Structures are given as structure tokens and as C-alpha cells.
Amino acid sequence: MNYYELLGIGRDAGQGDIKRAYYAAVKQHSPDFDPEGFRAVRTAYETLQNPKKRAEYDTIFAVDNDIQGDMLRARNLVETNKLKQASELLTSLFNAHPGSREVALLHARTLLDLRKSKTADAIAKTMLAQDPGDIDALLLRAEVSVVMGHTAKAKERFLEAVSADPANRRVWNSYAHFALSERNRLIFDVFNQAWQQDPNMFSDKYSLYLAATAYILDFHGAADAVRYFNKFTEHYIADKHSTRPVYNLLLNVLFEILSNEVSPFVADLEKILPKLEESPFKQDDDKAKFNILRNSISIDRLHRDDEIHDVLTDLTECLLRDDVDQEAKLGMEVYIVSVLGTIRPSIRRLQAKYPELFKLNQAFYLDALNPKKEESLTNKYYSIHRKLLSAEKLSPNNTGDELAEPPTTFVREAPKIGRNDPCPCGSGMKYKKCCRNEA
Amino acid sequence: MKIGIDFGTSTSEAAFVDEHGKINVVPNHAGELITPSIVYVADDGRVVVGREAKEMAVLEPGHSVFEVKRMFGQDTKITLREKEYSPADIAAMIIGYLVDCAKAHCGCEIDSAVITVPAYFTDAQRREVMAAGQACGLEVSRIINEPTAASLDYGIDHLRDCKYMLVYDLGGGTLDVTVLELFEGVVDVKSSCGNNALGGKDFDQALIDHITASIKRRDKVDITRDLRAMVRVKLAAEACKIALSEDIEHTIELPFLYTDKAGSPAGFSEKVSRTTFETMIADKIDSTQAQIKTVLFDAGLEAHDIDLVLTVGGSTRIPYVSSFLLRNFGFVPEAASDPDMAVVRGAAIQAGVLSGMLPENAIVLTDICPYSLSTGVLRHSGFLSFIACDTIIPRNTVLPALRTKMYTTSYDYQSKVHITAYQGESEEPGENLLLNTFALSGIPRGKAGREDINISFEYDLNGILIVSAEVASTGKSATVTVDTSQVGGNLDLSLWGKSPLAKKYRKIVAKSERLAKIHGSNAADVENAAGKFKRALVLEWDEDIVDRLARELSDAIEDLEDSEH
């Protein structure tokens, strides 16, 4: 029984008819009393109600009448991943109707899924003999090469398919996936060519854009990656059916980008941030992430602003941290007070241009800008300076002018000994009862 | 006979469908239709439920329990007259009382029931409610969601209607927002979202805080430790909240509430206007916008697609709620004919359909799965590989559901895969609840990615998940049934001995139990590890996992023994 019969509607039924028929059928097959029946009705409804799925389903009926039912069964088997049975059915169908392109294509695809690449390749070849421009057959041959691991041949065949039908999204998507799996520069060429063809070529493949962004960051630096990143965000914003995982991916890439270089992304970051914050997938834990992103944007802007003195940038960066390093802050303030005369214009610019950053340390800046307070401020910070100096002298690590070495990551030389493992000293006791205590 | 029970945070009701197809709400022994969800235990051990308990609570607050529904899903114990009760025990007292009343009212045996829960209740919370029903000797034939029940009640009076509805259910302790489609007697739930910790009790609390704060400001007396005064304040706050739904202002009068610093008795009296009250609760109600947004998003609808907003639950009587919804949707929400009874009437309808008192297709309900069910997979992102949860049945899928996805081997010459089933929304396996795990072996050896494995999840209306896996090329398969009821809080850990692996681990379990007895609270780590380990044994998890947990347990035991020396 096909989906239309199941719901008791005609092939030309509109959305409204389908819905009405579905609800009528639900009344007959209540989930409480007939779960099997209900599930069948529901599957039929979900397929027919979705125009894309319905069109796919409808293509089955384009096959010659006598094999229609068998094709339907075969497709259902493929859909439910019962490939073995599907393949058996298709083999007999293919032998009975060797001329049917529909049957041959599905047969070859199923064989490829079952890793019977050579047979699939042979079928594709015969299809090409009938019609040298058959895009499905070309794509199939390219995929056969991918499965068999012949990279160079696969690339050749993809190029052939792409030149045969440059506007075919399926081909481009398959090509891009192949390029990504190859993990080399090829991906860059593929994306460039695809976009020359149609900027929306990979509209439904978020992961493609992201992966491309990551690769290109490695190969070509940030500027190229920006383009790919923008493509991705554009689609993310336009698509109201995106999901929490996509949102997560996006956030993660933002951080990956952050760890590389922010500057070329600032404008784009600012565009996408509010969108992300409005997203219904946002969770409370994400607030911290957004703060970090926002702060990085502010800092980066300061860094690129030549009119702002470097020490002000550093001080702002220090203040934006969750856990403000008071000593570092004082040190920078001491420096600012010592060069008050030259730094005032810079502070004024900070006040005018970045009022929210100015507010972070408003009291201090206002004092610094006020000429009347200059003397008291100098005196106050002079004594702080003295204190800092004496503290430095006391600390044993500091040998005067030289900076202490920055802490490095500790690398274990030998493999870690678990607390319950036998002790390496050979005493036969457990490590925790022997040498660990002494250490 | 089968009845419907609405076990609420502040009040509970029961109802049934009679032989004429009419819905009757059962009056309790005092003749009221609404029974406060309050339990009082008298000094002779007699259990009192309902209004009488409410009155006793004023006199002896230490021996009574309010709002037990809010304690579901937490591991709390309630002590009454030196006896410990779990929240489910208290709930069983209330449900038992309602069943008693129903028995007396219709003069026949009550053997099964449909009980309602907030849509956003977790699986564990649902199981506790189920256990409470079973403790009263009831067969709990279905747990249904409160907003769904309310829409059943609406639907049975509007059998010819076709519209998109949003049910905004703000009760005593929980908020549920559900979008559903009503189509000529079919109630099709689209999506659901909520907040388990927002309700009328929070609005009472705002008023209580206001009263105690102003007493503290005026007389420098802190009455929050005075249980008896606090119960009076609580009741007065509730009365004030209810009065403000009708009147513009209300005077709270609490004579002789406490003694002031000078030792003379003092009372509290203050006029509260509706506007003052609204400023206290506006934040809380406005925050529900998030839930409305999510639920519409999940249903793939916009606010203007909604034809009707139905408000259910006592707290929706607050005028601010209607004005809030009006602002959001642009039209006045429709209140259920009786906000307190809509849910229990819906439960009775479902009970009637299941028991055959109503015709099978009088009104049909299709419900959804409130959580995503996923399996752990190795995922590649850029240059990284990590274990992530891949959703097989996404949340809001119509039940019963059967979904299959195809995966592949992840390394060369792999012959065995471990298949896991998780419940939860996160991609991170650690943040989800592990339901079960099992192994599928006998995969033909080959290069990574050459063999395909089909994993199917089948989830039915009663929360039973069947996971099966199959090697696509050979058809070899393995199946395991997960009763999510077992994964909830109520697993009988003492059954661990029945596991086929139990013999191997008998010694270590005995040791952990002995240590727990000797050290009491110091052995908390050991007890935790032992609990996890036993759970794995009872659920008959894969040997590898049991083994790992056993090692963790032995580490915990050694650590404890070390600390002695």
C-alpha cells in the first residue's frame, strides 16, 4: 500500500487535504490502541507533508508501471538500510529491465553502499555508453574511485562531472566532501570554483564551511578564512531550522579563530554576536563565552587604534579579565601617573571614543585628567611605587632589572605512576605507601 | 474503574467519566472538589490530608508538609513525628486520600489511574509519581502532561475546531508552555517547554519576603525563624495574592503576629495595591518569554500562527499574566472554563478513553517525546576526533517512534562495536544520562569505514526504549531493551545479586557494605561508587563498564583504608 492509499487521498492532493486525511486516519489508528498503524500513518504524513520528501517519493511513480511496486519496495528497503535485501531485489529488477535508467542507478548506488565497487563501476560505464553526458553516472564513477581509494582518478572524474554540469549542487557537494577528506589544498580550489559558479552552492552544509574555515586558516591565513566564515554565518542566520549543535560548532569556531588572530574578523564577529545571543539555543553557561568574545573585540580595537597609548590598552585588557591582577594594574597606573603630561590626550580620546571601556577605571582616569589633582596623585602613586619596589627587592626570584622567566608547562619525563601501582623503587609495596609519601 | 488524578503543587483533584460519558470531579470527604496538597501527621500517627491538614499546619507547622511536588527528583527526606518519608511517600498519602474519596463517592473499586505531571518533568520525576500511584495499589496506566490534559478538556467541548493552540499552564509550582494543533477531535502536540521552578508559590514568596522585610525594618524583629508566624504569613500572602486578582488593593491583616523588642505583642497591617504586587512579580512572569520563544521555534511556528492561547492553572488568574500574553500575541488569551479543573478533567477523559467508557476515537491524543535520545559516536571536526552524542530520536518526535541511522566502523580491522544510548540534549556524553550500553561483535574485519552498522531506536508511549544494532552486510544483530523507568531514581539496588556477573564481585561489594556501616558518613565516596557499580549490575550493562566501575570502587575502598592509618 503506498502512502497515498494509506491516507486515502489522490496523487494531486494539496497540503490541506493531506492534513485532513492524516487526522482522519489518526482517529482510526489511535496511538493508544494501534501503535503500529499509527506509526505507518505518521510516516506517510511526514513524507507527503514535506514537499521535498514528497517529490522524492513521487519519482518512484515515474518508473514503468509494472516495476513501480518493486521500485517502491526497493527504495523503502534502501531507506531503512536493509541494503542486502534491497540489493537482491534490485539485481532481479535490473536483469528484467536492463534498459531502465532509474533501476540501474539505484542498483549501482546500493552496490556502492555495499562496497561492491567494481560491479557498480561496470553499471555506471554501461549507463555512460548510452548517454555520455549522464551526470549521475559520472558522479557515481567518481564516488567509486573515492571508495576504492584512487585519489588521483577520483579528482579527474569529479572534474569531468563538474564540467559536464557546472550548476549541479549534488556534484559540488560530493566533490567538496571528497576534497575535505583529502585534507590538502584541493579544498581551497574546490570552494573557489564552486563560488564562482554559484555563491549559494553549499547552502545546507554548515560543516563544510566550518571545516573549510579551519583548513584555510592553516593554509592561507586569516583573510581567506574570513570569506568562508562569512558564508557560513550568513546561512546560519538565514536558516531558521538550524540546531543547537550547529550553534555550538559556530561558537567553537569563533574560539578557534580567536586563538589564531582576531583582527580581520572584528567586523564580522560584531555582526554575528548579537544574532547568536538571540538564538534560542543559548544557554546560561554561554554568557561567559560571549563576554570573552566581546572583550577580545574591544581589546583588538584598542590595539589597532594608534591614538590610544599602548599602556591604556594593556590596562583595559587587565581590567576586562575576570580576575583582575591588582599588582599589574597598580604597576600600569604608576606608569601612567609618571607620564601624565604626554598621556592625557590619549586618555581623553579613550573617554570620547570608548566610553564603556573608560568606565572600567573611571575614578582613576578622571583624577588623571584633572590638572588640580596632579600633585596629590603623583604623591600617592610615588609611595605606591616605593612599596612595589621594596616588594620586588624582597622577592627572591627577582634579580633586579632582569625579568623573571615566564612559567613553562611542566612536562613529565617518565610515564605517570598511579598511586596503586607497584613502586618503581622495587620494594614491592604500592607507590602510595612507599616513595610517594617521601616525595 | 479507571480515574484521572491531577496531583498538583498546591491542590490535587480526581475525576472520572461515568456511564453516560459525563465527566465528574470527585468531592473529597469534606465535600469540596479541590483538596489542598497538604499532609499532616497527628501524634497518634494518623495521616490527615486536605483542608483539615491546612488548618492543623497553622497550629503545628513542624508536623505537616506543603508543596511536596516541588521536592520530586531531589534526594530529600521529610521527617514527620520522627519518621522519615520520601516525597513519593507523601504523594502516595495524597493520592491514596483521593482514591479513598472516589471509592466512597461512586461505591466501586478503583484499580487504575491516569496521573498528570508537568510536561517538563524529567523522566526520574515521572517515575517517582508513578511509584507513588503504585504505592496506593493503583495500576498507573498512563502518565500524561498537564497542558495536554487541559487541551483534551478544551478539545472535547470543541470537537469540530481546527486551530493552533498555545497552552500556557502556570500552576502552583511549575510553568509549562505547549504548542499543539487541534483538528476535529485530534490533539496533536507539536512541542513543549517549561520551567519546573516557577509558579504561584514564587509569587506568594515575593509577598512573604515583603512582609518579613517590612517587619524587620520597622521593629528589627526577624520572624522568619518563627514557624507558626511564618505559616500565618504564608496563608495571608496567598489570600492577598488571590484577592488582588479581583480587587485593586487588599489589606493584609495579621494581628498578634509576633512580640516586639519591648516584649509586647505586635501585629502587621498593610495595604498592598495591585500595582505594587505586579512590580514584585513582573520579572518572573516576563522571564517566561524565553519558554514561549523556544516552544514556538521548536514547533516551527511564529507568534501570529497561533489562533488561541489557553491559560490553565490557578496562577493565570493574575491579571498581569493575561496582559503579558496579550502583549506577546496581540489578542486576549482564553481561560480554561475552570482553570483549576481543566487538568483533572483532561486526565479523566484520557482514563475514559483507555478504559472504554468513552469511544476509542472520541478524542485522540498524539504525544511527543520530551527529550532527545542519542547514541555515542566518534566524530571528526577539522583535525580533531572526539566522542559525541548523535541524536537518533530528536525531542518533540511524535510517539511511538522508530528511527534508524547508519554508522560505520571507526578503525581498521574493528570486529566489535560498543553501542550506547543516552537521554538528553547535549552533544557532550558526560552531560547526558547514560541509559544502556551493549556490544555488537562479529563484524567482518576490514578497513575503517568499510562496514556499516545500523542502529535503531524504538520508543513507545510508556517510555520503553528498544535499541538494536545490525551489521548491514551480514545481517548479524543485537538488541537490548531499556526500560527508562529503571534508569530513573527508583532502582532496587539490592537486586544486584541476580546479575550473572555478581559472583565475581561479591567480595568487593560485601567489603564496601561493611565499611559503609563502620564509617558512616566518612564512607560517602565508597557508598557512591558502590551505588554506581550496583546500578550497572542491575541494569546488566556491558562487562567492560562493570569492570571499570569495579576498579573505581576498589580505589575508593583503598583510599578509605589509607585514611585510617
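Residues numbered from 1 in each chain as written. Chains lettered and ligands numbered in written order. Predicted model: local features only at pLDDT ≥ 70, side-chain atom pairs only at ≥ 80, totals over all residues.

**Considering the overall build of chain A**
And step 1. For chain A, the helix and strand inventory stands at 24 helices and zero strands.
And step 2. Among the 439 residues that make up chain A, the fraction classed as buried is 27%.
And step 3. The long-range fraction of contacts in chain A, counting pairs at least 24 apart against all pairs at least 6 apart in sequence, stands at 45%. (Helix = DSSP H or I, 4+ residues; strand = E, 2+ residues; numbered from the N terminus. Buried ≥ 20, exposed ≤ 12 C-beta atoms within 10 Å, placed from the backbone. Contact = placed C-beta atoms within 7 Å.)

**Re the overall build of chain B**
And step 1. Along chain B, the regular secondary structure elements total 14 helices and 27 strands.
And step 2. Partitioning the contacts of chain B with sequence separation of at least 6, the portion at a separation of at least 24 is 66%.

**A look at the packing of helix 5 (residues 200–219) of chain B against helix 7 (residues 274–286) of chain B**
All names here are of chain B.
And step 1. Running from N to C, helix 5 and helix 7 cross one another at 145°; their axes reach a closest spacing of 10 Å. As helix 5 packs across helix 7, the resulting crossing turns out to be right-handed. Contacts from Asp 202, Phe 203, Ala 206 and His 210 in helix 5 reach Met 280, Ile 281 and Lys 284 in helix 7.
And step 2. By residue class, the composition of the contact of helix 5 with helix 7 is four nonpolar, one polar and two charged. (Axes fitted to C-alpha atoms, helices over the stretch in contact; angles between N-to-C directions. Left-handed = near helix turned anticlockwise from the far one by under 90°. Nonpolar A, V, L, I, M, F, W, Y, C, P; charged D, E, K, R; others polar.)

**Considerations on the interface of chain B and chain A**
And step 1. The partner chain A presents 25 residues to the 32 residues of chain B that form the contact.
And step 2. Of all the secondary structure elements, the ones that give two or more residues to the side of chain B that touches chain A are helix 8 (289–299), helix 10 (342–355), strand 19 (364–366), strand 22 (401–408) and helix 14 (543–564) of chain B.
And step 3. The residue makeup of the side of chain B that touches chain A, split by class, is 13 nonpolar, nine polar and ten charged.

**Structural notes on helix 12 (residues 502–519) of chain B**
Residue and element names in this part refer to chain B.
And step 1. In this model, helix 12 (18 residues) spans 24 Å end to end at C-alpha, consistent with the 26 Å of a helix rising 1.5 Å per residue.
And step 2. Buried residues of helix 12: Tyr 505, Ser 512 and Leu 515, and no others.
And step 3. Immediately downstream of helix 12, the backbone of Gly 520 shows phi near 60°, a positive value. (Expected span 1.5 Å × (residues − 1).)

**Details of the pairing of strand 10 (residues 112–117) of chain B**
Residue and element names in this part refer to chain B.
And step 1. Of all the six residues making up strand 10, five are buried; the element is thus mostly covered by neighbouring parts of the structure.
And step 2. Inspection of the sheet shows strand 1 (residues 2–7) paired to strand 10 by five bridges, in the parallel sense. Bridge pairing in strand 10 places Ile 5 opposite Ile 115.
And step 3. When strand 10 meets strand 11 (residues 139–145), the two strands line up parallel, connected through six bridges. Note on strand 11: the bridge partner recorded for Val 114 is Arg 142. (Pairing = 2+ DSSP bridges.)

**What about the confidence of the model for chain B?**
All names here are of chain B.
And step 1. Summary statistics for chain B give a mean pLDDT of 85 and a share of 95% for residues scoring 70 or more.
And step 2. Ranking the elements of chain B by mean pLDDT puts helix 11 (residues 484–487) last with 51 and strand 1 first with 93.
And step 3. Confidence metrics for the complex model read pTM 0.59 and ipTM 0.73. (pLDDT = per-residue confidence, 0-100.)

**A word on the sheet that holds strand 14 (residues 186–195) of chain B**
Residues and elements named next belong to chain B.
And step 1. Read across the open sheet, the six strands follow the order 18-17-12-13-14-19; overall the sheet is mixed. Looking at the sheet topology across the chains shown, the edges are occupied by strand 18 (334–335) and strand 19.
And step 2. As judged from the two bridges shared by strand 17 (residues 308–312) and strand 18, these two strands associate in the parallel manner. Residue pairing in the sheet places Thr 311 in a bridge with Ala 335 of strand 18.

**Details of the sheet that holds strand 6 (residues 47–49) of chain B**
All names here are of chain B.
And step 1. As summarised here, the arrangement of the three strands in space is 6-5-7, forming an open sheet in which the pairing is antiparallel. Whereas interior strands pair on both sides, the edge strands pair on one side only; in this sheet they are strand 6 and strand 7 (64–65).
And step 2. Note: strand 5 (residues 39–41) against strand 6, three bridges, orientation antiparallel. Residue pairing across strands places Val 41 opposite Val 47, the latter belonging to strand 6.
And step 3. Across the sheet, helix 2 (residues 87–106) touches strand 5, strand 6 and strand 7, and the angle it forms with strand 6 is around 65°.

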